[in-house]
Structure formats: C-alpha cells, structure tokens
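Summary of the model geometry
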Amino acid sequence: MDQIVIRGGRPLKGRIPISGAKNAALTLMPCALLTDEPLTLRNLPRLADIDTFGHLLNNHGLSTTIEGTHPDEFGRVMTIRANRITSTVAPYDIVRKMRASILVLGPLVARAGEATVSLPGGCAIGNRPIDLHLKALEHLGAEIELAAGYVKATAKGGLPGGRYTFPMVSVGATENAVMAAVLARGESVLDNVAREPEIVDLCNCLVAMGARIQGIGTEKLTIQGVRDLHGATYAVMPDRIEAGSYACAAAITGGEVELVGATESDLGSTLAALREAGVEIAPTADGLSVKRLNGLHGINISTAPYPGFATDMQAQFMAMLAVADGASLLTETIFENRFMHVPELARMGADVTVRGRSAVVRGVAGLHGAQVMATDLRASMSLVLAGLAAEGETVVSRVYHLDRGYERLEEKLSAVGADIERVSDG
C-alpha cells in the first residue's frame with residue numbers, strides 16, 4: 001500500500017492547475033443514463049472515484065471511452081453512451097466503494113422504469129441516510145421498496161412528476177430528484193433544493209442535453225419533463241474543494257501560489273474565511289492568487305449548506321489554524337463524525353479539543369513530523385497540509401483516500417516547491 005512522505009518547512013511558490021470537480025463529475029456521469037446518444041465530458045479528473053463510477057456505468061451496459069490525452073496532462077475527455085441499458089441493478093460490490101453510486105437510482109427509474117441499487121458506502125464520516133432521495137422519488141411517482149440491503153424503485157409507464165419540498169437541504173437527494181424529473185411525463189416542482197455550484201453544473205449539463213429547468217441556482221426548481229434527451233459535450237467545472245485545499249497549503253507554508261482555473265464565485269465562503277485568517281486573495285487572468293500576508297490568526301467557522309462554509313473544507317482549515325495565533329472554534333453541523341483527523345493532527349503537535357460537534361483549536365508555534373493515518377478523503381488532505389508546514393518528516397498512510405479526490409496531488413505540490421513523494425510500503 002502506498003504512503004506519502006513529506007519533508008516540511010518549504011514555502012510553496014508557483015502555479016497549481018485546478019482539476020475538474022470530483023463532486024460535479026460524479027453527478028454528470030449518470031446523466032448519460034438519460035439518453036441513448038453520447039455524452040462527452042471534458043476536464044474529467046483522473047481519480048479513483050471516477051474510475052469506480054465508470055465501472056458501475058459499464059455494469060449497466062454503457063460504453064465509456066477515453067480520448068487520447070497525454071498521460072502527463074491533467075484531466076481527461078470521456079464519452080459515455082447508454083445505447084441500451086442491459087442491467088438496472090447496481091450491485092453491492094461496486095456501490096460499497098463509493099456513496100455517489102446512489103446517483104444512478106433516479107436516472108435509471110426515469111428512463112428504464114425500474115432500478116435496484118445497493119445501499120451506498122463511501123467515507124466513514126457519519127450517518128448519511130438516503131431517505132430524502134427515496135421520499136423525493138416517491139413524490140415524483142416512483143414506488144420504493146427496501147429489501148436485503150437494496151433499494152428497488154419502479155415506475156411502470158414512467159414517472160408522472162410531482163412536487164416535493166425537502167425538509168432539509170440535501171445535495172445528493174436534489175441531484176437524484178432532478179435527474180429523475182427531467183424525463184417525467186409532467187411538471188415537477190422541487191423546493192428547498194441544494195444550491196451548490198455542482199447542482200448548477202448538473203442543471204446546466206441537463207439543459208445542454210435538452211432538459212427544461214427553471215430556477216437554476218435558486219432554492220426552487222421547476223422542471224418540465226421531456227420525452228427524450230439528446231447527447232451533448234460538456235466541461236466539468238473546476239474543483240472548488242481542491243482549490244480551497246491548495247489555498248490552505250499556500251497559507252500554512254507562508255507561500256504564494258496561483259490557482260489556475262479557480263473561480264472566485266464558487267469559493268465565496270472559503271475565500272472569506274481565508275481572508276479573515278490573514279490570507280490575501282486576488283483574481284488573476286488565469287485564476288486566483290493566494291499568499292499569506294504575515295501571520296495567521298484564529299477565526300470561528302461553522303459548516304453549513306451552500307453558500308455557507310463547506311464541510312469538505314473543515315479538516316483543511318483545522319490544519320491551517322493549528323499554526324495560527326490565538327484560538328479558533330470549528331463547529332461541524334453537517335456530519336456528526338467528521339473530527340476523526342484530530343488525533344492524527346495531535347500526533348504532529350496540534351492542540352485541538354473536541355466538544356461534541358465543535359473543536360477548539362489553539363494555535364501552536366510549529367508542528368513536527370510524524371507517522372499518521374488518513375481516515376477519510378478530506379482528513380487525509382489535512383494531514384498533508386500539516387506535513388507541508390511541519391519540521392521534519394511526515395509519513396501519511398492510507399493514501400487511497402487521497403486518490404479518491406485529489407488528482408496527482410504529489411506532482412502538483414512538487415511543482416511548487418514541496419518536498420513530497422509517494423512510496424510503496426511493501
């Protein structure tokens with residue numbers, strides 16, 4: 001199993017290309033289930049989760065082809081075609097690897113009239129039930145049955161469409177409902193939907209395929225179902241979580257980097273928190289410039305649905321604030337088990353006290369290298385950030401978590417001056 005070895009203390013300086021967004025790509029890929037014409041996705045990141053989702057689509061009878069991009073280049077172009085859906089079952093062996101697999105449920109029942117999907121897996125960051133996915137599909141006209149660890153949704157004659165108000169904001173449930181509604185026989189109205197940029201990206205892609213969606217970017221979507229969608233070519237949006245992570249890398253090392261391809265509009269709450277902590281951010285012709293002015297200072301953050309502070313940035317900020325002046329308070333409102341990185345950061349000298357869903361971070365003069373273990377995707381990035389700033393050598397194990405969400409991380413960091421390498425422990 002691979003490890004990442006970091007010898008810290010080197011300020012980062014240079015340009016970091018931002019890849020296509022993992023969370024957007026995993027939502028766009030199942031759109032191919034909605035048409036028998038090809039869907040071509042550009043700027044698709046080279047990630048383990050993308051490969052896993054590709055295998056899942058192959059299982060349903062879809063073809064996936066990669067255009068001839070050079071192996072040294074970031075991103076890929078993938079064409080997906082569901083000329084004929086040969087299976088409507090998403091098996092446990094594939095779905096257990098990745099929670100996003102549940103996103104085939106809506107498209108399959110919309111086009112094929114039925115879907116049987118294993119209950120999903122993914123990072124162990126807390127209970128993430130799919131009840132809102134199922135309730136939304138029921139309100140659109142699907143019949144739902146749970147048995148032996150599988151969800152079975154049926155809609156004989158197709159989904160009629162309907163109205164549903166989400167009792168709480170859910171990104172995944174919104175995505176499933178939108179993909180199901182675009183092929184419904186009538187109108188669907190979805191209220192209190194998630195407004196994340198990835199939702200906007202999904203809706204824009206569906207519109208490019210012929211869907212009729214009003215209210216994109218707002219909390220209410222009105223969707224007129226159409227008989228068929230057609231193929232399209234669509235570019236995946238830049239990864240705002242990757243961009244935010246590398247911004248934290250520049251800040252924690254006292255460096256200056258340009259995030260090539262990053263867009264300020266997608267990073268509002270992250271950039272606001274960085275600026276409050278003492279980081280300077282400015283737009284450039286190609287993206288965003290990030291540099292630390294002087295020292296970092298403590299801030300208070302509470303995660304919230306978009307446009308609030310993203311839960312996917314909490315762990316990275318904790319690492320950065322571990323070396324800030326003063327104390328910080330981080331409150332996690334989305335997932336109840338997302339402080340698993342705290343003991344590992346403590347091994348590197350961080351002073352963090354967890355109190356329920358909040359963590360008090362008292363800044364220390366410096367961190368020191370240690371052997372640490374990643375527990376989930378974003379937690380693993382927080383350990384990399386800590387290693388970049390730490391004195392001595394840090395060895396991060398379980399880096400398969402990183403490979404799920406950061407495209408060739410060590411290459412990007414090495415290019416801006418980090419002393420980082422991937423090694424095999426076997």
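Residues numbered from 1 in each chain as written. Predicted model: local features only at pLDDT ≥ 70, side-chain atom pairs only at ≥ 80, totals over all residues. Heavy atoms only, no water.

Our focus in this paragraph is the pattern of salt bridges. When the charged atoms of two side chains lie near each other, side chains of opposite charge can form a pair. One pass over the structure, following the stated rule, counts 20 salt bridges. The salt bridge partner of Lys22 is Asp49, with a shortest N-O separation of 3.4 Å. Residue Lys22 is located in helix H1 (residues 22-28), and its partner Asp49 is located in helix H2 (residues 48-59); the two are separated by 27 residues in the primary sequence. For the pair shown, Lys22 and Asp49 are each scored as buried. The salt bridge partner of Asp51 is Arg76, with a shortest N-O separation of 3.1 Å. Of the two residues, Asp51 sits in helix H2 while Arg76 sits in strand S5 (residues 76-81), which places them 25 residues apart along the sequence. Given the relative accessible area of 36%, Asp51 is considered partly exposed. Exposure remark for Arg76: the relative accessible area of 11% places this residue in the buried category. Residues participating in the shared-partner salt-bridge network are Arg7, Arg10, Glu393, Asp419 and Glu421. (Salt bridge = Lys/Arg side-chain N within 4 Å of Asp/Glu carboxyl O. Helix = DSSP H or I, 4+ residues; strand = E, 2+ residues; numbered from the N terminus. Buried < 20%, exposed > 50% of the residue type's maximum accessible area, 1.4 Å probe, protein only.)

Bringing the sheet that holds strand S1 (residues 2-7) into the picture now. Picture the strands of a sheet paired through backbone hydrogen bonds; they go either parallel or antiparallel. Overall, mixed pairing links the four strands, which are arranged S22-S23-S1-S24 in an open sheet. Looking at the sheet topology across the chains shown, the edges are occupied by strand S22 (371-373) and strand S24 (419-424). Put simply, the sheet's adjacent strands are angled 25° from each other on average, direction ignored. Pairing of S22 with strand S23 (residues 393-397) involves three bridges; the strand directions are parallel. In the strand pairing of S23, Met373 is matched with Ser397. (Pairing = 2+ DSSP bridges. Axes fitted to C-alpha atoms, helices over the stretch in contact; angles between N-to-C directions.)

To continue, consider the domain arrangement of the protein. Considered domain by domain, the protein is made up of domain 1 (2-18 + 238-424) and domain 2 (22-235). For domain 1 and domain 2, the distance between their C-alpha centroids amounts to 30 Å. (Domains from an automatic or database assignment.)

With respect to the helices and strands, Thr52 occurs in helix H2. Among the residues examined, Thr52 registers a relative accessible area of 13% and is labelled buried. Beyond its immediate stretch of four places on either side in the chain, Thr52 contacts Ile94, Lys97 and Met98. (Contact = heavy atoms within 4.5 Å.)

The linkage connecting Tyr306 with the following residue, Pro307, adopts the cis geometry, with an omega of 15°. Mapping Pro307 onto the fold places it in the loop between strand S18 (300-302) and helix H10 (314-321). Here the phi dihedral of Ala148 falls at roughly 55°; this positive angle occurs in a residue that is not glycine. Looking at the secondary structure, you find Ala148 in the loop between strand S8 (143-147) and strand S9 (150-154). On the basis of relative accessibility, which here comes to 78%, the residue Ala148 falls in the exposed class. Phi is positive for Asn192, close to 60°, though the residue is something other than glycine.

Further remarks concern the confidence of the model for the protein. The predicted model of the protein has a mean per-residue pLDDT of 93, with 96% of residues at 70 or higher. With pLDDT under 50 throughout, residues 122-128 is counted as low confidence; its partners more than four residues away or in other chains account for 21 contacts. (pLDDT = per-residue confidence, 0-100.)

On inspection of all chains with the given rule, the structure shows two aromatic pairs. The interplanar angle of 80° and the centroid separation of 4.9 Å between the aromatic rings of Tyr164 and Phe166 together place this pair among those described as edge-to-face. For the pair formed by Tyr164 and Phe166, the shared burial category is buried. Between the aromatic rings of Phe309 and Phe317, the centroid separation amounts to 5.0 Å while the plane-to-plane angle is 90°, which identifies the pairing as edge-to-face. A relative accessible area of 0% places Phe317 in the buried class. (Phe/Tyr/Trp six-rings, centres within 6.5 Å; stacked < 30°, edge-to-face > 60°.)

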